[in-house]
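Each chain, letter by letter, is given below.
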Amino acid sequence: MRRPVAIVTALVLFGEAVGIVLINAVLATVAENQNMSLAGLDPDVMSTGTWVMGGVSGLLLVLCGLLALTAGIRDRTPGRAGRIVLIGCAVVHGVLGAVTVGLVGWWAFAFMMTVLALLVFTLLAYGPGTRADDGVGEEAAPAAA
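Residues numbered from 1 in each chain as written. Predicted model: local features only at pLDDT ≥ 70, side-chain atom pairs only at ≥ 80, totals over all residues. Heavy atoms only, no water.

A look at the pattern of salt bridges
Side chains bearing opposite charge may pair, as long as their charged atoms lie close to each other.
Here's step 1: In the structure shown here, the tally under the stated rule is 1 salt bridge.
Here's step 2: Asp 75 is the salt-bridge partner of Arg 2, the closest N and O atoms lying 3.1 Å from each other. With Arg 2 in helix α1 (residues 2-34) and Asp 75 in the loop between α2 (43-74) and α3 (80-103), this residue pair connects regions lying 73 residues apart in the sequence. Taken as a pair, Arg 2 and Asp 75 share a single burial class, namely buried. (Salt bridge = Lys/Arg side-chain N within 4 Å of Asp/Glu carboxyl O. Helix = DSSP H or I, 4+ residues; strand = E, 2+ residues; numbered from the N terminus. Buried < 20%, exposed > 50% of the residue type's maximum accessible area, 1.4 Å probe, protein only.)

Let's talk about the packing of aromatic side chains
Here's step 1: Taken as a whole, this structure holds 1 aromatic pair when the rule is applied.
Here's step 2: With a centroid separation of 5.4 Å and an interplanar angle of 90 degrees, the aromatic rings of Trp 106 and Phe 109 are classed as edge-to-face. Residue Trp 106 and its partner Phe 109 are both found in helix α4 (residues 106-125); the two are separated by 3 residues, about one turn of the helix.
Here's step 3: Judged by its relative accessible area of 62%, Trp 106 is exposed. (Phe/Tyr/Trp six-rings, centres within 6.5 Å; stacked < 30°, edge-to-face > 60°.)

Description of α2
Here's step 1: Taking 1.5 Å per residue, 32 residues should reach 46 Å; α2 reaches 46 Å between its end C-alpha atoms and fits that length.
Here's step 2: Taken residue by residue, α2 has Pro 43, Ser 47, Thr 50, Gly 54, Gly 58, Leu 61, Cys 64, Gly 65, Ala 68, Ala 71 and Gly 72 as its buried positions.
Here's step 3: Where α2 is buried, its residues contact α1 and α3.
Here's step 4: Within two residues after α2, Asp 75 carries a phi angle of roughly 60 degrees, on the positive side. (Expected span 1.5 Å × (residues − 1). Contact = heavy atoms within 4.5 Å.)

Thoughts on the layout of surface pockets
Here's step 1: Looking at the largest pocket, its volume works out to about 750 Å³.
Here's step 2: If you list the elements that add at least two residues to the lining of the largest pocket, you get α1, α2, α3 and α4.
Here's step 3: Tallied by class, the residues present in the lining of the largest pocket amount to 16 nonpolar, 5 polar and 1 charged. (1 Å grid on protein atoms, 1.4 Å probe; cavity = no way out; pocket = protein on both sides within 12 Å on 5 of 7 lines; lining within 4 Å. Points joined across faces, edges and corners; volume = space filled by probe spheres on them. Nonpolar A, V, L, I, M, F, W, Y, C, P; charged D, E, K, R; others polar.)

Written out as structure tokens, the structure is:
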């Protein structure tokens, strides 16, 4: 069950990366077309910053998706750095889920919590030291007397 969940997690993260880049592209275009200053900031700087934020966020989501996909294909736990990246991604989804409830609505919250649940399940299923030949689900043999 853990391999399909890791692969689904990766696919959802890839889709989310595309969505984040598209949303930031729209926001950057709107900021550029308005030609208004926000607290004295140059509109071109706001537009450029939004493009950069969208690109970096998309790249980080693709990285997290690649880590989950690699874990699912190989059926092995990601390394220490990979687990740290996936844990960071889960924390960000939890915080953004709490923020989106008030700003965007319950559907966005439900999506963020679904992604969080997929990330947590992937992290727990591929715990430290998990390998394909661990015999997960098999009972341990009794100790020799």
